[in-house]
Amino acid sequence: VTLLVVVPRASYHDWQVKYAGLIEYVVPHSSECVEEDTDHGLFTVTVFQRFVEDFKLKCREHRFVVKDFTYDEEALRQSVHELEQLKVDKTRQFSPLFLWLKVNFGEAFTAWLHIKALRVFVESVLRFGLPVNFACILMQPKPKSERHLRDTMRSLYGHLDGVADAGVAG
C-alpha cells in the first residue's frame, strides 16, 4: 500500500534516513517527494498492507503525519470537469470585468484625488487657522530636481513653518 506522509522541511534528512527503519515491512527506496511548499513536503512510501497502522504509529512518534488517501476515478473526473468549467467562466467574465474596471478606474481615481484635496484644505485650516488665506498647490517636479524644488520652497516660505526653521527636511 502506498501512503502519503507530510514531512516538515527541516526533517527531510531525518525522513530519508529513518523511513525504511521505522518498521521492518517498508519497501526500501520507495519514498519519493510528490509536492513541496515553503514549510512541508509530501512524500509517498510503500508499506505492506498488514503493517500500515504500525507504520502510522511510528511516524507519529517521529512527528511525520500520515494522510489517508483513496484514489477515486469518479471524483478525479468530476474535479477535472469542474476545473474546466471554472476556466470557461473566467474567460467569459474577464472581458466585461476588464471594461468595467477601465471605465470606473478614472472615476475612482478622481474621487480619491478630491478626498486628498479636502484633506489638505482641512489640515491647512487647522494648522494656519481662519480666515482662509492660503492656496493649495499640487506640484510634480521633473526627475532629479526634487531637492532643488524643496530648497527653493524652503527659502521662500520657510518663515511660515516652525518645523522648516528647525532644519527638519520634510
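Placed above this text is the structure.
Residues numbered from 1 in each chain as written. Predicted model: local features only at pLDDT ≥ 70, side-chain atom pairs only at ≥ 80, totals over all residues. Heavy atoms only, no water.

Asks: If you had to explain the overall build of the chain to someone new, which residues and values would you point to?
Replies: Secondary structure summary: the chain contains five helices and four strands in total. Along the chain direction, N to C, the helices and strands of the chain fall in the order β-α-β-β-α-β-α-α-α. Along the three orthogonal principal directions, the C-alpha set of the chain runs to about 90 × 45 × 30 Å. For the chain, with 170 residues in total, the buried portion stands at 18%. Considering only residue pairs separated by 6 or more positions, the chain has 58% of its internal contacts joining residues 24 or more positions apart. Total accessible area on the chain is roughly 14200 Å²; 60% of this is exposed by carbon and sulfur atoms. Considering the chain, the positive charge centre built from 21 side chains and the negative charge centre built from 23 side chains are found 9 Å apart. (Helix = DSSP H or I, 4+ residues; strand = E, 2+ residues; numbered from the N terminus. Buried < 20%, exposed > 50% of the residue type's maximum accessible area, 1.4 Å probe, protein only. Contact = heavy atoms within 4.5 Å. Areas by Shrake-Rupley, 256 points an atom, 1.4 Å probe, with all protein chains shown as cover. Lys, Arg positive; Asp, Glu negative; His and termini not counted. Charge placed at Lys NZ, Arg CZ, Asp CG, Glu CD.)

Asks: Help me get a handle on the nonpolar core, residues and values and all.
Replies: In terms of nonpolar packing, the biggest core is built from 18 residues, with Val-5, Trp-15, Val-45, Val-47 and Phe-55 touching the most fellow members. Counting residues per element, the ones that place at least two in this core are β1 (2-8), α1 (12-18), β3 (40-46) and α2 (52-61). (Core = buried A, V, L, I, M, F, W, Y, C linked by side-chain atoms within 4.5 Å.)

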